[in-house]
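Each chain is listed here by its residues.
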Amino acid sequence: DAKTTQPPSMDCAEGRAANLPCNHSTISGNEYVYWYRQIHSQGPQYIIHGLKNNETNEMASLIITEDRKSSTLILPHATLRDTAVYYCIVRWGGTASKLTFGTGTRLQVTL
Amino acid sequence: DTEVTQTPKHLVMGMTNKKSLKCEQHMGHRAMYWYKQKAKKPPELMFVYSYEKLSINESVPSRFSPECPNSSLLNLHLHALQPEDSALYLCASSQLDRLNYGYTFGSGTRLTVV
């Protein structure tokens, strides 16, 4: 699976949009971009995934560049409860592929 | 039921003890996983079960022994552990008949080896 690069930490004011970037320049055509987050002392939580089109669900939006070498997770109105480590993972879409976590971005939402 | 339940939530064991971690899901997922997470590090994959058969072992020491007795249950048997095995052990599950599906994680068992 392709490797990803994320900034180690980011800050965001409550109520503002949090934009978390991820570089995955070696992604191949059949690999998907997944985002998970882990709030302190809890298990990781699935947020969203996409192949090449932008995706939106009730939690977040995922913007993937046209060349698919990078993506951005957008939390439109961050709250204190969104403080967590956010992991961007590139994974082959096959059912037997592994979910391998990188070091992630620690997002701190402040008042 | 959309949860993965792990028990116990906390476990303290001596290096000569034998203990087991339990994971249960009733979502009909046919893939189940064990991850290990040390403090301030990302989760690391240990084992993958597909249709109740072990499909991936990430070179985990034999003092960790997984078992999948049925499609809803996953156990991790622990024996002769070392203090460095102290960590958060996470269980997850996913569907196998749908591509591109997210994993559902439990809240983990925090293990301390003394």
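Read on for a plain summary of the structure. In this text, all values refer to a predicted model and were calculated from it rather than measured experimentally.

### Points about the sheet that holds strand β8 (residues 73-79) of chain B
Residue and element names in this part refer to chain B.
Now for step 1: Spatially, four strands are ordered β1-β3-β8-β7 in an open sheet, and the strand pairing comes out antiparallel. Both edges of this open sheet fall to β1 (4-7) and β7 (64-70), since each of them pairs with a single strand only. With strand direction ignored, the average angle separating the axes of adjacent strands in the sheet is 20 degrees.
Now for step 2: Here strand β3 (residues 18-25) pairs with β8 via seven bridges, running antiparallel. Its bridge partner being in β8, Lys18 is matched across the sheet by His79.

### Things to note about unusual backbone geometry
Now for step 1: Note the cis peptide between B:Thr7 and B:Pro8, where omega equals -10 degrees.
Now for step 2: Considering the arrangement of structural elements, one finds B:Pro8 in the loop between β1 and β2 (10-13).
Now for step 3: Within the chain, A:Arg68 stands out as a residue other than glycine whose phi angle is a positive 65 degrees.
Now for step 4: With respect to the element layout, A:Arg68 can be found in the loop between β6 (61-64) and β7 (70-75).

### Some thoughts on the pairing of β8(B)
Residue and element names in this part refer to chain B.
Now for step 1: Counting buried positions along β8 yields five of seven residues, so the element is predominantly enclosed.
Now for step 2: The pairing of β7 with β8 spans five bridges and is classified as antiparallel. Paired with Asn70 across the strands is Leu73, a residue of β8.
Now for step 3: What sits between the antiparallel neighbours β7 and β8 is a turn of two residues.

Here is what the cut-offs are and how they apply
Residues numbered from 1 in each chain as written. Chains lettered and ligands numbered in written order. Predicted model: local features only at pLDDT ≥ 70, side-chain atom pairs only at ≥ 80, totals over all residues. Heavy atoms only, no water. Pairing = 2+ DSSP bridges. Helix = DSSP H or I, 4+ residues; strand = E, 2+ residues; numbered from the N terminus. Axes fitted to C-alpha atoms, helices over the stretch in contact; angles between N-to-C directions. Buried < 20%, exposed > 50% of the residue type's maximum accessible area, 1.4 Å probe, protein only.

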